[in-house]
Amino acid sequence: MNCNLCPRRCGINREEKIGFCGEKNLIKIANFSLHNWEEPCISYEKGSGAIFFSGCSLKCVYCQNYEISSQGVGQTITVQDLANIFKELDKKADNINLVNPTHFSNLIIEALKIYKPKNPVIYNTHGYEIEEEIEKLSPYIDIFLTDLKYYSSELSLKYSGVKDYFEVATKALKKMIVLKPTIIDNGKLLQGVIVRHLLLPNFIEDSKKILEYLAKNHSEVTLSLMAQYTPYGRAKDFPEINRKITAHEYNELVDYAIKLGLDGYMQELSSADECYIPKFSNKVI
Ligand code: SF4
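As the structure is a computational prediction, the values presented were derived from the model and not from experiment.

Calculation criteria
- Residues numbered from 1 in each chain as written.
- Predicted model: local features only at pLDDT ≥ 70, side-chain atom pairs only at ≥ 80, totals over all residues.
- Core = buried A, V, L, I, M, F, W, Y, C linked by C-beta atoms within 7 Å.
- Buried ≥ 20, exposed ≤ 12 C-beta atoms within 10 Å, placed from the backbone.
- Helix = DSSP H or I, 4+ residues; strand = E, 2+ residues; numbered from the N terminus.
- Expected span 1.5 Å × (residues − 1).
- Arc of directions from axis to C-beta.
- Contact = placed C-beta atoms within 7 Å.
- Pairing = 2+ DSSP bridges.

(A) Representation of the nonpolar core. If you look at the biggest cluster of nonpolar residues, it comprises 77 residues, and the most contacted ones within it are Ile-51, Phe-52, Leu-98, Ile-122, Val-195 and Leu-199. Broken down by element, this core gets its largest block of residues, six residues, from helix H7 (residues 165-179).

(B) Region of the structure containing helix H3 (residues 79-92). In this model, H3 (14 residues) spans 21 Å end to end at C-alpha, consistent with the 20 Å of a helix rising 1.5 Å per residue. Buried within H3 we find Leu-82, Ile-85, Phe-86 and Leu-89. Buried positions in H3, seen along its axis, are confined to an arc of 105° and lie on one side of it. Of the residues in H3, the exposed ones pointing more than 90 degrees away from the buried face are Gln-80 and Lys-91.

(C) Structural context of helix H8 (residues 204-217). Its 14 residues give H8 an end-to-end C-alpha distance of 20 Å, which sits within 8% of 20 Å, the value for a rise of 1.5 Å per residue. Every buried residue of H8 is accounted for by Ser-207, Ile-210, Leu-211 and Leu-214. One face of H8 carries all of its buried residues, which in axial projection span an arc of 95°. Residues of H8 that are exposed and angled more than 90 degrees away from the buried face: Glu-205, Lys-216 and Asn-217. Contacts from the buried residues of H8 go to strand S8 (188-198), strand S9 (222-226) and helix H9 (247-259).

(D) Main features of the pairing of strand S2 (residues 48-53). With six of its six residues buried, S2 lies for the most part within the structure. What you see with S2 is no split at all: Ser-48, Ala-50 and Phe-52 on one side and Gly-49, Ile-51 and Phe-53 on the other are buried throughout. One ladder, built from six bridges, connects strand S1 (residues 28-35) with S2; its direction is antiparallel. Pairing of Phe-32 across the sheet is with Ile-51, part of S2. Note: S2 against strand S4 (residues 95-99), five bridges, orientation parallel. The partner of Ile-51 across the bridge, within S4, is Leu-98.

In structure tokens, the structure reads:
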């Protein structure tokens, strides 16, 4: 297969080589478990059945899952193994949460053809997606839980290596919103889109532009403003982002979201803690 699954469009044969994402055409995961720290409509009562995929097609320098996104931690499993994991999590979780799935979306669809969970399936993405791939995924996915990280192309280039993040991510977001109108049952999200925005230290003006964009174009979307930024990965090489955000920064952004009339979830600053990151491993099944 010549891979063009993400906007990097490496076009290489992943049966033979790895592309930018660092993974061949074989599913690799580093953890699957119940996760209770997602938005309340996602964690709901029993928790979210999260599956963490290894490799990444974006690779932000500050990634909190750096060891799996960039350092190759994880175990290679078959499509059938993944379908079995869906089945196992489906029994005990409120949903199946595919964390960082973009570069395996073709194989994930194959696994979902083998076992279609009774609970909603969540595509939990960095947001740098191709619209056509979102369309292909749509029959198998119920919820798009997507980041909208940067407005500025300078920031997206510096920290995620792509100049066109905002342009590409907003096109994909538009598609997700059209495809998945919100359905909530008694506080549990069954279908819809949640936009996550992680505030970076020193870049509140960029975050405000993201909020303005959402208020102007998708005022109905559920926003999740994330306070959990912690300088992981290579963040120490970038002094301006080598610290947690302050309460002042976060509160200013929350006030701005309220002023713009946006609705959604806010996080406690205490969520910027390592205990919220699962233990990753090379042996998961
Ligand atoms: S999924 Fe990986 S190999 Fe495929 S285009 Fe994206 S970065 Fe390249």
